[in-house]
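One-letter residues, chain by chain:
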Amino acid sequence: MVLLDFVVGIPSPKLHVPHAFKPTRDDRGWFINPIGPNPWWTVLAALVPALLCTILIFMDQQISAVIVNRKEHKLKKGCGYHLDLFMVAVMLGVCSVMGLPWFVAATVLSITHVNSLKVESDCSAPGEQPKFLGIREQRVTGLLIFALMGCSVFFTSVLKFIPMPVLYGVFLYMGVSSLRGIQVRTLLQQFL
């Protein structure tokens, strides 16, 4: 679709990509002064929203962890699991200081990743359903995903040709396909 859009020249909305690798606002640098021009009492006023935001991020992280670590997945958590949680906490701090969006557990991404690493038995008899054996636990795909996300900064000359409807379709597909196997979806299907 992207190639067809480019060749035919369909006037579709494209992904907005900055021309240079710099902060989006010209009046500040990479690091943000936490107080800035605000009066001192704004620090005290920000405590309640900061506490609520902390609870929200904690709940998102824990809900994603509970969904991914269900007993049906047969996961064996090693020490790397806790290192991942530590890295999420460190990156939240770095992103906050630099004014970047926070990275959290991303429930849809986590479920899709677990589903893609399922190991099933080879079917020998015709019509026999494959048997779920477990999850191939590894960290290479996560590392490659985030390395490619970081490299996307260097692909801006190509990314600016991607139509927004294509991106919406990809995200919609990822969201709907990750619903497969979730208990809420199964319950809703039984109810309806």
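Above: the structure in question.
Now for a quick tour of the structure.

Definitions and limits used
- Residues numbered from 1 in each chain as written.
- Predicted model: local features only at pLDDT ≥ 70, side-chain atom pairs only at ≥ 80, totals over all residues.
- Heavy atoms only, no water.
- 1 Å grid on protein atoms, 1.4 Å probe; cavity = no way out; pocket = protein on both sides within 12 Å on 5 of 7 lines; lining within 4 Å.
- Points joined across faces, edges and corners; volume = space filled by probe spheres on them.
- Helix = DSSP H or I, 4+ residues; strand = E, 2+ residues; numbered from the N terminus.
- Nonpolar A, V, L, I, M, F, W, Y, C, P; charged D, E, K, R; others polar.
- Salt bridge = Lys/Arg side-chain N within 4 Å of Asp/Glu carboxyl O.
- Buried < 20%, exposed > 50% of the residue type's maximum accessible area, 1.4 Å probe, protein only.
- Contact = heavy atoms within 4.5 Å.
- Disulfide = S-S within 2.5 Å.
- Expected span 1.5 Å × (residues − 1).
- Arc of directions from axis to C-beta.

### Points about the layout of surface pockets
Once rolled over the atoms, a probe with the size of a water molecule shows which space is left empty. Within this model, the second largest pocket holds a volume of roughly 350 Å³. Of all the elements in the fold, those that place two or more residues in the lining of the second largest pocket are α2 (41–45), α3 (47–68) and α4 (79–98). Sort the elements by how many residues they give to the lining of the second largest pocket and α3 lands first, with 4 residues. Across the lining of the second largest pocket, the residue classes tally to 10 nonpolar, 4 polar and no charged.

### Some words on the pattern of salt bridges
Summed over the entire model, instances satisfying the criterion amount to 1 salt bridge. Across the pair Asp-26 and Lys-22 runs a salt bridge, and its minimum N-O distance is 3.1 Å. With a relative accessible area of 47%, Lys-22 lands in the partly exposed category.

### Considerations on the environment of His-73
Topologically, His-73 is positioned in the loop between α3 and α4. Here His-73 falls in the buried class, since its relative accessible area comes to 7%. Along the primary structure His-73 and Val-114 are separated by 41 residues, whereas in three dimensions their C-alpha atoms are 8.3 Å apart. In this structure His-73 touches Ile-67, Val-68, Val-114, Phe-132, Gly-134 and Ile-135, once residues within four positions along its chain are discounted.

### Side note on the environment of Gln-183
With respect to the helices, strands and loops of the structure, Gln-183 is situated in helix α9 (residues 183–191). As for Gln-183 and Ile-67, which are separated by 116 residues in sequence, their C-alpha atoms are 9.7 Å apart. With near-sequence residues (within four places) excluded, Gln-183 lies in contact with Arg-70 and Glu-72.

### Looking at the state of the cysteines
Inspection of the entire model under this criterion finds 0 disulfides. Looking at Cys-53, it has no disulfide partner, and the nearest cysteine sulfur is the one in Cys-95, 13 Å off. With relative accessibility at 8%, the residue Cys-95 sits in the buried group.

### Here's the deal with α3
Spanning 22 residues, α3 covers 31 Å between terminal C-alpha atoms, matching the ideal 32 Å at 1.5 Å per step. The complete set of buried residues in α3 reads Ile-57, Gln-61, Ser-64, Ala-65 and Val-68. Each buried residue of α3 sits inside an arc of 105 degrees when the element is viewed along its axis, so together they form one side. Opposite its buried face, α3 presents the exposed residues Val-48, Leu-51, Leu-52, Leu-56 and Val-66, each directed more than 90 degrees away.

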